[in-house]
There are 2 protein chains.
Amino acid sequence: MSKINGVLLDITGVLKEGDSPIKNSVEAVARLREKGMKVRFVTNETQETKKSLVSRLSKMGFTLTEEEVISPCPAMAHELRRTGLRPHLLVHPTVLEEFDGVSTENPNCVVIGDCAEHFSYENMNKAFRVLINMSEPLLYSLGKGKYFREDGELVLDVGSYAACLEYATGAKSKIVGKPEPTFFQTALDMMQIKAEEAVMVGDDLVSDVGGAQGCGIKGILVRTGKFRPADERHPEVKPFFIADDLHHAVNHIISLL
Amino acid sequence: MSKINGVLLDITGVLKEGDSPIKNSVEAVARLREKGMKVRFVTNETQETKKSLVSRLSKMGFTLTEEEVISPCPAMAHELRRTGLRPHLLVHPTVLEEFDGVSTENPNCVVIGDCAEHFSYENMNKAFRVLINMSEPLLYSLGKGKYFREDGELVLDVGSYAACLEYATGAKSKIVGKPEPTFFQTALDMMQIKAEEAVMVGDDLVSDVGGAQGCGIKGILVRTGKFRPADERHPEVKPFFIADDLHHAVNHIISLL
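These figures come from a predicted structure and were not determined experimentally.

Novice: Can you walk me through the overall build of chain A in this structure?
Specialist: Scanning chain A for helices and strands turns up eight helices and 14 strands. Over its C-alpha trace chain A gives a radius of gyration of 18 Å, about what one expects of a compact globule, namely 18 Å for 257 residues. Dimensions of chain A, computed from the C-alpha atoms along their principal axes, are close to 55 × 35 × 35 Å. Buried positions account for 57% of the 257 residues belonging to chain A. Taking as baseline every contact in chain A between residues at least 6 positions apart, the subset at least 24 positions apart corresponds to 65%.

Novice: Honestly, the relation of the copies chain B and chain A in this entry has me stumped. Any pointers?
Specialist: Of the two same-sequence chains, chain B is brought onto chain A (RMSD 0.0 Å, axial shift 0.0 Å) by a rotation of 180°. Between the two chains, the operation in question is that of a two-fold axis.

Novice: What am I meant to see in helix α2 (residues 50-59) of chain B here?
Specialist: Residues separated by three or four positions in an α-helix point in the same direction, a consequence of the helix having 3.6 residues per turn. Residue and element names in this part refer to chain B. Burial in α2 covers these residues: K50, L53, V54 and L57. Buried residues along α2 cover an arc of 95° about the axis, so they all sit on one side. Within α2, the exposed residues directed more than 90 degrees away from the buried face are K51 and K59. As for α2, its buried residues are in contact with β2 (16-17), β5 (69-70) and α3 (72-83). Backbone geometry just downstream of α2 places G61 in the positive-phi region, at approximately 115°.

Novice: I keep staring at the interface of chain B and chain A and nothing clicks. Help me out?
Specialist: For interface size, the figure often reported is the accessible area lost on association. Counting from both sides, the interface comprises 30 residues of chain B and, opposite them, 30 residues of chain A. For the chain B and chain A pair, buried surface summed over both sides reaches about 2600 Å², with 62% attributable to carbon and sulfur atoms. It is Y121, L156 and Y167 of chain B in chain B that bury the most area against chain A; as a group they hold 31% of the surface buried on that side. There are two salt bridges connecting chain B and chain A. Between chain B and chain A we count ten residue pairs in polar contact (both at pLDDT 80 or more) in total.

Novice: Sorry, what's going on with the sheet that holds strand β5 (residues 69-70) of chain A here?
Specialist: Residues and elements named next belong to chain A. In spatial order, the strands read β5-β4-β1-β12-β13-β14; together these six strands make up an open sheet with parallel pairing. If you trace the sheet from one side to the other, it starts and ends with β5 and β14 (241-243), each paired once. Note: strand β1 (residues 6-9) against strand β4 (residues 38-42), four bridges, orientation parallel. Within β4, the position partnered with V7 by the bridge is V39. Across the sheet, helix α6 (residues 181-191) lies against β1, β4, β5 and β12 (198-202), angled at about 155° from β4, the strand it touches most.

Novice: What am I meant to see in the layout of surface pockets here?
Specialist: If a probe as big as a water molecule is rolled over the atoms, it shows which places are left empty. Here the largest pocket defines a volume of roughly 780 Å³. Forming the boundary of the largest pocket are 28 residues, of which K146, Y147 and D231 of chain A together with I132 and T169 of chain B lie nearest the centre. Approximately 650 Å³ is the volume attributed to the second largest pocket. In terms of lining, the second largest pocket is formed by 25 residues, of which the most central are I132 of chain A together with K146, Y147, R228 and D231 of chain B. Secondary-structure elements contributing two or more residues to the lining of the second largest pocket are α4 (121-132) and α5 (158-169) of chain A together with α7 (205-214) of chain B. Here the residues of the lining of the second largest pocket sort into eleven nonpolar, six polar and eight charged.

Novice: Help me understand the packing of helix α1 (residues 25-34) of chain B against helix α8 (residues 246-256) of chain B in this model?
Specialist: Helix-helix packing is characterised by the crossing angle of the two axes and by the distance between the axes. All names here are of chain B. As a packed pair, α1 and α8 sit with axes 8 Å apart at the nearest point and diverge in direction by 20°. In terms of axis orientation, α1 runs roughly parallel to α8. When you trace α1 past α8, the crossing you get is left-handed. Touching S25, A28, V29, R31 and L32 of α1 are L246, H247, V250, N251, I253 and I254, all from α8. Residue composition of the contact of α1 with α8, by class: seven nonpolar, three polar and one charged.

Novice: Can you walk me through the pairing of strand β13 (residues 218-222) of chain A in this structure?
Specialist: Looking along a regular strand, one sees the side chains alternate between the two faces of the sheet. All names here are of chain A. Counting buried positions along β13 gives five out of five residues, so the element sits mostly inside the fold. Taking every second residue as pointing to the same face, both faces of β13 are buried, with K218, I220 and V222 on one and G219 and L221 on the other. With four bridges connecting them, β12 and β13 associate as parallel partners. Residue pairing across strands places V201 opposite I220, the latter belonging to β13. On the question of chirality, the crossover connecting β12 to the parallel β13 by way of helix α7 (residues 205-214) is right-handed. As paired strands, β13 and β14 are joined by three bridges and run parallel to one another.

What counts as what
Residues numbered from 1 in each chain as written. Chains lettered and ligands numbered in written order. Predicted model: local features only at pLDDT ≥ 70, side-chain atom pairs only at ≥ 80, totals over all residues. Heavy atoms only, no water. Helix = DSSP H or I, 4+ residues; strand = E, 2+ residues; numbered from the N terminus. Rg over C-alpha atoms; globule rule 2.2 N^0.38 Å. Buried < 20%, exposed > 50% of the residue type's maximum accessible area, 1.4 Å probe, protein only. Contact = heavy atoms within 4.5 Å. Least-squares fit on C-alpha atoms with pLDDT ≥ 70 in both. Arc of directions from axis to C-beta. Buried area = accessible area lost by both parts, 1.4 Å probe. Salt bridge = Lys/Arg side-chain N within 4 Å of Asp/Glu carboxyl O. Polar contact = N/O pair within 3.5 Å; in protein donor to acceptor, adjacent residues only side chain to side chain. Pairing = 2+ DSSP bridges. Axes fitted to C-alpha atoms, helices over the stretch in contact; angles between N-to-C directions. 1 Å grid on protein atoms, 1.4 Å probe; cavity = no way out; pocket = protein on both sides within 12 Å on 5 of 7 lines; lining within 4 Å. Points joined across faces, edges and corners; volume = space filled by probe spheres on them. Nonpolar A, V, L, I, M, F, W, Y, C, P; charged D, E, K, R; others polar. Parallel < 35°, antiparallel > 145°, perpendicular 65-115°, else oblique. Left-handed = near helix turned anticlockwise from the far one by under 90°. Right-handed = clockwise from strand over helix to strand, strands pointing away.

Listed below in structure tokens is the structure:
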């Protein structure tokens, strides 16, 4: 078995829930760093900017920099600047600034992120009309999560709303975020390690564990956040390890060193 | 070819759009009756009660009775009373009265209708949570339309929002409404005619024309309402006839008598 040199961590449901750190998760991240592990935070968070996310996590006691966070909005903005595509942005108002300098005039694609209460009928119809008027509807979805846990309750995630637009228009979403392989590869490249030297810890069986394992990264599922008991009996995605929480996961990772 | 004895008419996009009758449609329905045709109005309308719909159409000049209208809410309420299922109702507030007497305590299924602006993130999350907490999520969808035209603009229909809940929960909707065969069969039974004696006129290629033709009823597509030119090149659904509007469709039907 290869030596483990890097750990990829999901944020919501693993490090924190809402504005509270999950028990012992601050210490668990600190222990990984003490052991000399490279750490990256690989999130599908699109309700706030990277800057705001890092600031909020820092206040909870986590030590991290913006450069260590891989999130969909900056990756999407990069792709839009590279291709010159002009998006209709169906994203949370707080992340609009991540798209500064991207032209949205006369849009020729739609970008959908997690909009929470901004997933109104009116906003969905606006995005729908842009797509239905294109000869080949082009839809980018910032992740494909079904739901997540927030303030103790499950809520619909961006992937479910993307499915609504797909059904209505016949578009097939292009994913920017987990479980898309290039997203994990970006983290590996930044750490300058190979897939077999890395472990991903997440609460989403498909996006975190399945996505990572599809790239050859070991996937650890935690029983926090959106975890549901049925996840342990999934017919296709079999985690490398299932941990009660991040603390437990880190103990297991350290035992492998 | 069999003699035509009955005509099934879709309402929105065929007879009217918003609160206005489509040009010559009032006269077209009257001509069918003059020719001795049995007429039924087969609609997936779930934003208003059958009573309100008939009253509104009457004010526009159409002659029809509530008994001639086949719509999803009364059919769904009948099914709920028959089975004793207790729904969580994600339906437009104006049609709640169609479900009078149906218990919604401790729900064991979800019924989704066209809610328009009531398709809020909050309402979608409530329905989602009922489904995700069931061991076998049971979702009834009042139609499976992708979108329709309202006040000159295309808007998302119930089928698209059902697709959102299906993706999130793994449920597969049971359809009550077009294009479900029993819905068309109800109209045939009421008219006491066979499928080959009937014609369906609609603006929805899949729900109206495809649904009808799946039952052996001839399907006429009209180029009004939600019709889009691409509908004429659909790889699977080939209408019996394509008419500019209901007036044109009725001329064609009469020419077959």
